[in-house]
Amino acid sequence: MLRFLVSRLALIVPTFFGITVVAFLFPRLLRGDPVLLLAGERGVTPERYEQLVHQFGFDRPLVIQYLDYVWGLLGGDFGTSIATKNPVLYDFFSLFPATLELSFFAIAFAIIIGIPAGIIAAVRRGSLFDQAAMGVALVGYSMPIFWWGLLLVVVFSGMLGWTPIDGRINVRYFFDSVTGFMTIDALISGQRGAFSDAVRHLILPTIVLGTIPLAVIARQTRSAMLEVLGEDYVRTARAKGLPPRRVIGIHALRNALIPVVTTIGLQTGLLMGGAILTEHVFSWPGIGKWLLDSISSRDYPVVQGSLIIIALIVMLVNLLVDVLYGLINPGIRHRG
Amino acid sequence: MALLEVDNLTVTFKTAAGPFVALDGISYRVDHREVLAIVGESGSGKSVAMLAIMGLLPSSATVRADRVLFEGHDMLAMTPRQRRQIIGKDIAMIFQEPMASLNPCFTVGYQIEEVLRYHMGMGRRARRTRAIELLDEVHIADPASRSRSFPHQMSGGQCQRAMIAMAIACRPKLLIADEPTTALDVTIQKQILELLLQLQAEEGMGMIIITHDMGVVAETADRVVVQYKGRKMEEASVLNLFESPRSPYTRGLLAALPENATGDRLPVVGDFVAADGVAPA
């Protein structure tokens, strides 16, 4: 197990350096002189311009600039935001819990509904449920997040008034951030109604962000189950006289989980992209919205830094998936 | 009363090309302590018949029979729940591909313990002890540590032994062995057959061995059913079958044994249903 982990971790190193090259080159490949952009609309004198170029190190060779950048990253220096003048890492981690909370609920929503739906569709292949569920999944998968979010807001917040329109909690409630997770902080605060209000704020964003992963997980679970249900060991389990829920829920599902877990890992990575749109629709104060704002205001250090951090998170999720493979099916660890 | 009595069993599969008759009015009878061999080439419906009796065929199959009686109980009239109390306990089955028949995600011990848990209601500790005993009974060396092995850590022969341990866990009255040695090395084949016969004699089980191997038939069976394209060609005691086969198909099958080969070509079995005056399915 240890060897397995070390070999997978070793794979992360070159990937990490690949990402740093992309992040480093990105502002240098874009149109527009970053120094002039920094200077703002009033412009700078030629002397001041030279001074700034020197200050940012743009007058040095590209390779030196890159090494300097990576050295800073390794020391935890992800640059300083032009807009807030805060270290990128600081801004990131003050906003990240909001995104993490939303992503957690979204992926949990997708898993809790997607896996059972996929199982039932596979077991009752060709049934009305199967056809309906897969039809809905296809629609969900094809739904533009932006439009889907607005539609839900119009119907459930606007017309029916069941859910709040935006934000993470009603302004009535005020308490200090302890964990950064609104639901947990609301519980800790002990204020009456705060927790359920936080949950109510989560419902629509969770559905919007979770819809695509839900569709993908349901379809993947169905096809993986269909394949596994025809395997000899499932017939063995039936021949043992085991109840169907054990044959399907334990013997078949455990084997079908490998591709499903892969899908969940990939979807968790893609969640960041969905989060940007979802957070924008619901004014959710997470990194998605922050990143979008940074791009439009050309806050390059933020874009670069968050690109690297998000890439690291995605790599860690995939490492976790690799470890899960071995736990689900011990045969894979030995072959891997 | 016979242990298992099957009368006029017919199995039809729905296919895209219309209904396909896999089994056309077959009858079997197995007594206590008797070994019945069912012989036939691939596609002759040997396994389908056993899966039909166990209720393990997919929903695309239609099973009809005048009766399928196990110890006098009608298997086809049972609810799935009633049937599940019999299969795995009183009727157990082992399969052709031992590696693929064990679940790769669970230890061998766990898979044996499951049967003990569901059919015998045994507690955790008792199950563990019993699973190790069973592995010992099928002559697996170091059964305690083997019970913690996963199927991929064992050889094909060991996996088949583990399957047998699982099958005999509840002291079944009838053991169905579907091509139990086909996927194994020749040396292992003999050991597994000997083990099956030893257990059958010790436990007094009825046993059905499905095979296409006349050598296996000769070594194991009391009685033989020869099956071809879903029909029964011949039924005889093993001595009579080898000495004076009645059906031309059986004669062809015996003539096709590799040891009867002449020159550099192996003998082949032709289409014998037509020769019998019955149209091929």
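From a predicted model like this one, the values you see are computed outputs, not experimental measurements.

The next subject is the overall build of chain A. Broken down by element type, chain A carries 14 helices and zero strands. Reading the secondary structure of chain A in the N-to-C direction produces α-α-α-α-α-α-α-α-α-α-α-α-α-α. Over its C-alpha atoms, taken along the principal directions, chain A stretches across nearly 85 × 55 × 40 Å. The buried share of chain A, reckoned over its 336 residues, is 45%. In chain A, once contacts between residues fewer than 6 apart in sequence are set aside, the share between residues at least 24 apart is 73%. For chain A, the accessible surface area stands at approximately 17,600 Å², while carbon and sulfur atoms represent 68% of it. In chain A, the 26 positive side-chain charges and the 21 negative ones have mean positions that sit 15 Å from each other.

Here the focus is the interface of chain A and chain B. The parts lose accessible area when they come together, and the size of an interface is often stated as this lost area. At the junction of the two partners, chain A supplies 21 residues and chain B supplies 27 residues. Carbon and sulfur atoms supply 60% of the area that chain A and chain B bury against each other, a total of about 2,200 Å² over both sides. It is R235(A), K240(A) and R246(A) in chain A that bury the most area against chain B; as a group they hold 27% of the surface buried on that side. Taking the shortest distance from any N to any O, the salt bridge between E114(B) and K240(A) comes out at 2.9 Å. Our count for the contact surface shared by chain A and chain B stands at eleven residue pairs in polar contact (both at pLDDT 80 or more). Secondary structure elements with two or more residues in the side of chain A that touches chain B: α10 (232–239), α11 (244–281) and α14 (330–335) of chain A.

Residue and element names in this part refer to chain A. Among the surface-exposed residues, V13, F17, W71 and L74 lie close enough to one another that they form a single nonpolar patch of about 450 Å² accessible area. Elements supplying a minimum of two residues to the nonpolar patch: α1 (2–29) and α4 (62–74). Given the relative accessible area of 53%, L74 is considered exposed.

What follows concerns the sheet that holds strand β8 (residues 174–178) of chain B. Residues and elements named next belong to chain B. Pairing is mixed across the open sheet formed by six strands, whose spatial order is β7-β8-β9-β3-β10-β11. The open sheet has two edge strands, β7 (91–94) and β11 (231–237), and neither has a second partner. Here the average twist between neighbouring strands, direction ignored, is 15 degrees. Pairing of strand β10 (residues 223–228) with β11 involves six bridges; the strand directions are antiparallel. Residue pairing across strands places Y228 opposite R231, the latter belonging to β11. In this fold helix α7 (residues 156–167) packs onto β7 and β8, with an angle of close to 175 degrees to the strand it touches most, β7. The strands that helix α8 (residues 186–203) touches are β3 (35–39), β7, β8 and β9 (206–211); relative to β9, the one it contacts most, it runs at about 160 degrees.

Glancing now at helix α11 (residues 248–255) of chain B. Here α11(B) has its buried residues at Y249(B), T250(B), G252(B), L253(B) and L254(B). The backbone nitrogen of Y249(B) has a side-chain oxygen 3.0 Å away, supplied by the residue at the start of α11(B), namely S247(B).

All right, on to the nonpolar core then. Y28(B), M50(B), I164(B), L174(B), I176(B) and I208(B) are the most contacted members of the largest nonpolar core, which has 74 residues in total. Formed by 36 residues, the second largest nonpolar core is a distinct cluster that contains A98(A), L214(A), A237(A) and L242(A).

Now for unusual backbone geometry. Here S283(A), not a glycine, exhibits a phi torsion of approximately 45 degrees, which is positive. Positionally, S283(A) belongs in the loop between α11 and α12 (287–296). For S283(A), a relative accessible area of 34% corresponds to the partly exposed category. With a phi angle near 55 degrees, N8(B) is a residue other than glycine that sits in the positive phi range.

Taken as a whole, chain B shows an average pLDDT of 88; of its residues, 94% reach a score of 70 or greater. For residues 274–281 of chain B, every residue scores under 50 in pLDDT, and the model assigns this stretch ten contacts once sequence neighbours within four places are set aside.

Along its sequence, chain A is organised into domain 1 (11–74) and domain 2 (97–297). The C-alpha centroid of domain 2 of chain A is placed 38 Å from the C-alpha centroid of domain 1 of chain A.

What follows covers the confidence of the model for chain A. Fine structural detail should not be taken from predicted coordinates in areas where pLDDT scores are low. On average, residues of chain A carry a pLDDT of 86, and 95% of them reach 70 or more. The lowest-confidence element of chain A is α14(A), averaging 63 in pLDDT; the highest-confidence one is α10(A), averaging 94.

A word on the pattern of salt bridges. All names here are of chain B. Throughout the structure, instances matching the rule amount to 25 salt bridges over all chains. We note a salt bridge from K46 to E179, for which the minimum N-O separation is 3.2 Å. On the criterion of sequence distance, the pair formed by K46 in helix α1 (residues 46–54) and E179 in the loop between β8 and α8 is long-range, its members being 133 residues apart. The exposure class assigned to K46 is buried, which follows from its relative accessible area of 6%. Residue classification places E179 among the buried residues on the basis of a relative accessible area of 7%.

About the criteria used
- Residues numbered from 1 in each chain as written.
- Chains lettered and ligands numbered in written order.
- Predicted model: local features only at pLDDT ≥ 70, side-chain atom pairs only at ≥ 80, totals over all residues.
- Heavy atoms only, no water.
- Helix = DSSP H or I, 4+ residues; strand = E, 2+ residues; numbered from the N terminus.
- Buried < 20%, exposed > 50% of the residue type's maximum accessible area, 1.4 Å probe, protein only.
- Contact = heavy atoms within 4.5 Å.
- Areas by Shrake-Rupley, 256 points an atom, 1.4 Å probe, with all protein chains shown as cover.
- Lys, Arg positive; Asp, Glu negative; His and termini not counted.
- Charge placed at Lys NZ, Arg CZ, Asp CG, Glu CD.
- Buried area = accessible area lost by both parts, 1.4 Å probe.
- Salt bridge = Lys/Arg side-chain N within 4 Å of Asp/Glu carboxyl O.
- Polar contact = N/O pair within 3.5 Å; in protein donor to acceptor, adjacent residues only side chain to side chain.
- Patch = residues over 30% accessible without salt bridge, like charges linked within 9 Å, V, L, I, M, F, W, Y side chains within 5 Å.
- Pairing = 2+ DSSP bridges.
- Axes fitted to C-alpha atoms, helices over the stretch in contact; angles between N-to-C directions.
- Core = buried A, V, L, I, M, F, W, Y, C linked by side-chain atoms within 4.5 Å.
- pLDDT = per-residue confidence, 0-100.
- Domains from an automatic or database assignment.

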